Amino acid sequence: MGDNIRVVADATCTFCGCVCDDMVLTVDLDQKRITKSENACVLGKAWFKEHAIEERPFALVDGREATTAEGVEAAAQILANARFPVVYGLSDTTCEAQRVAVAIADMVGGCLDTTTSVCHGPTGIAFQAGGESTASLGEIKNRADLVVFWGGNPAEAHPRLFTRYAVTAKGMYTPNGRKDRTIVLVDVRRTPSTPVADIFLQVKPRTDFEVLWALRALVKGRKIDPSIEQRTGISLAVLEDLVDRMKRCRYGALLFGMGLTMNRGRHFNAGAILALATDLNEFTHFVAKPVRGHGNVTGADNVVSWQTGFPFGVNFSRGYPRFNPGEFTTADLLSRGDVDAALIIASDPASNFPKAAIEHLKRIPVINLDPKLTHTGQLARVSFTTATYGINVPGTVYRMDDVPITLRPAFDSPYPSDEQVLSAIRDRVRELLGGNRVPAGDPLAGVAVS
Amino acid sequence: MAEMMTLIGGRSSKQGTSLCAGKLGAEYLQIASTVEMNVEDMARLGLSNDSKVRLRTPVGETVLRCKGRATKDLPPGLLFMAYGPFSSELMAGDTAATGMPISKNLDVEVEPVIDGAPESGEPHHG
């Protein structure tokens, strides 16, 4: 370690949706790397350790090293000449960069989608159908005496959710931390999260909806046939006991993961758990929150909603935003071969999308922004190396409970931020198109009003 | 000797730490190309830890190394693997008009590999 050391207190980890903002980072400014990250979990420690400055080209265009400006020109030409491009990703960058990405999608009259569509997109659909009984994580920490984790494995995906907010954390009305809470875990398999629970419900695969609907019925005093156990793996007695605990608790929280949304039933599963929370509010205070994965995926929902009125899966082809999951969501657009170009920011669909979608990504011009080389970067026609948000780049991110948090970067990067690259692309596309491809019009023009 | 099983894709701690180092790195590719399987199922199929196994769906197939899990942790008939390029090989593009492809509880055909086929995580496939 060199002598040029800086300590950054109250820094923010952007690895996962917990967005823990109590990091104490020791930074070797000569080597441009973080040498110590106090308070970080195992994922956060890896995040800070592995995001030193790498020797990478500023940009690659058709596999050749290029300047950022050359990359911007190539990217702008692709977007200006595309007939139906998609702008996708955005869950690991700042709200400031997300805002510019929305402007680009609007300008080119394309589609705008975020990783939410393959994460808690079904939950977003369910919100629109049934609403959300919500809370901040601070409220859960201070008040919740019954916490149910459903379809998730926070011990491995969000380690500090347990210690900072929902299990061992001591709060205003939970002064004894763990002793003041009952923890329930619902999953199809035992995970490192299971030992944390007082009660573990090991449901059979594809039966979450049935279990949730049975709980709703029991909450409302309806009869459930004991054969529910053969169907779901959970006995009626266990369900009745859980309902009794949920009704008697002072403040309950349902924290659910992608075990509900990536599963058969998708938004019906998410809607069922949200409805269960609503039902329970006739008896006590209950909330339901999706547990979010990436550091600013919640910010993406917020920014896209502010700007367009919809959280993801938005299309601008008519000059105004339209929302239609299944039509304007990226997995569908790519799998069907609809889009003819893709601008992918801070995500890696080439390593987690369906096979047909990845095959289409290989056929079309892709523009990629990422601090690291990824599978998507490998197939991109234009690939930018960008600085890492939170470590090199200031800005705003949203915690999974929609609380905005300001980033305190640790050291400078020689690479531009996503916002800087996107702003340059936006400006050049505007020059090439002379403004929005589809002029904003009156959405009701031509619609007969009776 | 293929059997139908249910595959759950998900996150793991090692997947999370290794992707910080880089998704093209050997550690990440090794983790993403490992499938956890019930030990009784493995014994019946003649598999042991690190045996190669082929998973197949109507859209694609991938060859992975398997790792045994006790019945109390992973019930018979259930498989778990970390999300990554190899789980993508098995995913269908249909989202039932939601935007969300199914990546948990996939029906997969499981078959021991006895012909020495390279596993999907080996470098020339990476």
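Residues numbered from 1 in each chain as written. Chains lettered and ligands numbered in written order. Predicted model: local features only at pLDDT ≥ 70, side-chain atom pairs only at ≥ 80, totals over all residues.

K.L.:
What should I look at first to understand the overall build of chain B in this one?
P.N.:
Per the secondary structure count, chain B includes 4 helices and 6 strands. Sequence-ordered secondary structure for chain B, helices as α and strands as β, is β-α-α-β-α-β-β-β-α-β. Taken along the three principal axes of its C-alpha coordinates, chain B extends 35 × 35 × 30 Å. By the burial criterion, 52% of the 126 residues in chain B qualify as buried. A fraction of 75% describes how many contacts in chain B between residues 6 or more apart in sequence connect residues 24 or more apart. (Helix = DSSP H or I, 4+ residues; strand = E, 2+ residues; numbered from the N terminus. Buried ≥ 20, exposed ≤ 12 C-beta atoms within 10 Å, placed from the backbone. Contact = placed C-beta atoms within 7 Å.)

K.L.:
Is there a simple way to think about the overall build of chain A in this case?
P.N.:
Check the secondary structure of chain A and you find 17 helices and 19 strands. The C-alpha atoms of chain A give 23 Å as radius of gyration, which agrees with the globular expectation for 450 residues (22 Å, within 12%). Along the longest, intermediate and shortest principal axes, the C-alpha atoms of chain A span 75 × 65 × 40 Å. The long-range share in chain A, meaning contacts at least 24 apart out of those at least 6 apart in sequence, stands at 69%. (Rg over C-alpha atoms; globule rule 2.2 N^0.38 Å.)

K.L.:
Looking at this model, I keep getting lost on the environment of Phe15 of chain A. Mind explaining?
P.N.:
Residue and element names in this part refer to chain A. Mapped onto the elements of the fold, Phe15 is located in the loop between strand S1 (5-11) and strand S2 (23-28). Looking at Phe15, the number of C-beta atoms within 10 Å reads 28, which means it is buried. As a C-alpha pair, Phe15 and Gln31 span 16 residues in sequence and 22 Å in three-dimensional space.

K.L.:
Would you explain the domain arrangement of chain A in this entry?
P.N.:
The figure often quoted for interface size is the accessible area lost as the parts come together. Residue and element names in this part refer to chain A. Partitioning chain A into structural domains gives domain 1 (5-49), domain 2 (59-119 + 295-433) and domain 3 (121-290). Using only C-alpha atoms to locate each centre, domain 1 and domain 3 end up separated by 31 Å. With 7 residues of domain 1 in contact, the opposing surface of domain 3 contributes 6 residues. For the side of domain 1 that touches domain 3, the class distribution of residues is 6 nonpolar, 1 polar and no charged. (Domains from an automatic or database assignment. Nonpolar A, V, L, I, M, F, W, Y, C, P; charged D, E, K, R; others polar.)

K.L.:
How do you make sense of the sheet that holds strand S6 (residues 104-112) of chain B when you look at a structure like this?
P.N.:
Adjacent strands of a sheet pair through backbone hydrogen bonds, lying either parallel or antiparallel. All names here are of chain B. Within the closed barrel, the 6 strands sit side by side as S1-S5-S2-S4-S3-S6. Their pairing is mixed. Averaged over all neighbouring strand pairs, the angle between strand axes comes to 45°, with direction disregarded. Pairing of strand S1 (residues 3-10) with S6 involves 6 bridges; the strand directions are antiparallel. Bridged to Met4 within S6 is Glu109. (Pairing = 2+ DSSP bridges. Axes fitted to C-alpha atoms, helices over the stretch in contact; angles between N-to-C directions.)

K.L.:
Please clarify how the packing of helix H2 (residues 68-81) of chain A against helix H17 (residues 418-433) of chain A should be interpreted in this entry.
P.N.:
The geometry of a pair of packed helices is captured by two quantities: the angle between their axes and the separation between those axes. Residues and elements named next belong to chain A. Packing of H2 against H17 brings their axes to within 9 Å, and their N-to-C directions diverge by 50°. As judged from the angle between their axes, H2 and H17 are oblique. Of the two possible hands of crossing, H2 and H17 adopt the one that is right-handed. Facing Thr68, Val72, Glu73, Ala75, Ala76, Leu79 and Ala80 of H2, the residues of H17 in contact are Val421, Ala424, Ile425, Arg428, Val429, Leu432 and Leu433. Within the contact of H2 with H17, the residues separate by chemical class into 11 nonpolar, 1 polar and 2 charged. (Parallel < 35°, antiparallel > 145°, perpendicular 65-115°, else oblique. Left-handed = near helix turned anticlockwise from the far one by under 90°.)

K.L.:
Even after reading the chapter, I still don't get the nonpolar core, so can you show me in this structure?
P.N.:
Taken as a class, soluble globular proteins show a tendency for nonpolar side chains to be buried jointly. Residue and element names in this part refer to chain A. Core analysis: the largest hydrophobic core is formed by 183 residues, its most contacted members being Leu79, Ile104, Ala166 and Ile273. Take this core: its biggest share by element is 9 residues, from helix H3 (residues 95-108). If we skip the residues at most four places from it in the chain, Ile273 touches Trp150, Leu212, Leu254, Phe256, Leu260 and Ala288. (Core = buried A, V, L, I, M, F, W, Y, C linked by C-beta atoms within 7 Å.)

K.L.:
Whenever I open this one, helix H8 (residues 208-219) of chain A confuses me. Can you help?
P.N.:
Each full turn of the α-helix corresponds to 3.6 residues, which orients residues three or four apart in the same direction. All names here are of chain A. Over its 12 residues, H8 extends 16 Å from the first C-alpha to the last, a length consistent with the 16 Å expected when each residue adds 1.5 Å. Listed in full, the buried residues belonging to H8 are Asp208, Phe209, Val211, Leu212, Ala214, Leu215 and Leu218. Of the surrounding secondary structure, the elements contacted by the buried residues of H8 are helix H9 (228-232), helix H10 (236-248), helix H11 (258-261) and helix H12 (266-280). Among the residues trailing H8, Gly221 stands out with phi positive, at a value near 85°. (Expected span 1.5 Å × (residues − 1).)

K.L.:
How should unusual backbone geometry be read in this particular structure?
P.N.:
Excluding glycine, a negative phi dihedral is what most residues carry, and trans is how most peptide bonds are arranged. Residue and element names in this part refer to chain A. Phi at Val19 is positive, roughly 45°, even though this residue is not glycine. Structurally, Val19 is set in the loop between S1 and S2. Even without a glycine there, the phi angle at Arg266 is positive, about 35°. For Arg266, the location among the structural elements is in helix H12.

K.L.:
Explain the confidence of the model for chain B to me, please; I cannot follow it from the model alone.
P.N.:
Low pLDDT means the predicted atomic positions in that stretch should not be read closely. Averaged over chain B, the pLDDT score is 91; the fraction of residues at 70 or greater is 90%. For this predicted complex, the interface score ipTM comes out at 0.91, alongside a pTM of 0.95. (pLDDT = per-residue confidence, 0-100.)

K.L.:
I would appreciate a short explanation of the interface of chain B and chain A in the present structure.
P.N.:
Counting residues at the interface gives 38 residues for chain B, matched by 45 residues for chain A. Looking at the side of chain B that touches chain A, the elements that each hand over two or more residues are S1, helix H1 (13-21), strand S5 (78-82), helix H4 (85-88) and S6 of chain B. Per-element accounting of the side of chain B that touches chain A gives the leading share, 5 residues, to H1 of chain B. Classifying every residue of the side of chain B that touches chain A by side-chain character gives 16 nonpolar, 16 polar and 6 charged.

K.L.:
Would you explain the pairing of strand S4 (residues 60-69) of chain B in this entry?
P.N.:
In regular strands, side chains alternate between the two faces of the sheet. All names here are of chain B. In this structure, strand S2 (residues 34-38) lies alongside S4, joined through 5 bridges in parallel fashion. Looking at the pairing, Glu36 lines up with Lys67 of S4. Taken together, the 6 bridges between strand S3 (residues 52-57) and S4 define a ladder with antiparallel strand orientation. Within S4, the position partnered with Val53 by the bridge is Leu64. Connecting S3 to the antiparallel partner S4 that follows it, the hairpin turn spans 2 residues.

K.L.:
Is there a simple way to explain the packing of H8 of chain A against H12 of chain A in this structure?
P.N.:
All names here are of chain A. Following both chains from N to C, one finds H8 and H12 inclined at 20°, their axes separated by 9 Å at the closest point. Comparing the axis directions of H8 and H12 gives the class roughly parallel. Pair H8 / H12 crosses with left-handed handedness. Of the residues in H12, those touching H8 at Asp208, Phe209, Leu212, Trp213, Leu215, Arg216 and Val219 are Phe268, Asn269, Ala272, Ile273, Ala275, Leu276, Asp279 and Leu280. Per-class residue counts for the contact of H8 with H12 are 11 nonpolar, 1 polar and 3 charged.

K.L.:
Looking at this structure, I do not really get the sheet that holds strand S7 (residues 111-114) of chain A. What am I missing?
P.N.:
Residue and element names in this part refer to chain A. Reading across from one edge, S5-S4-S17-S16-S15-S6-S7-S13-S14 is the order of the 9 strands in this open sheet, with mixed pairing throughout. The open sheet has two edge strands with one neighbour each: strand S5 (64-66) and strand S14 (322-323). Bridge count between strand S4 (residues 59-61) and strand S17 (residues 382-385): 3 bridges; the pairing is antiparallel. Within S17, the residue paired with Leu60 across the bridge is Ser383.

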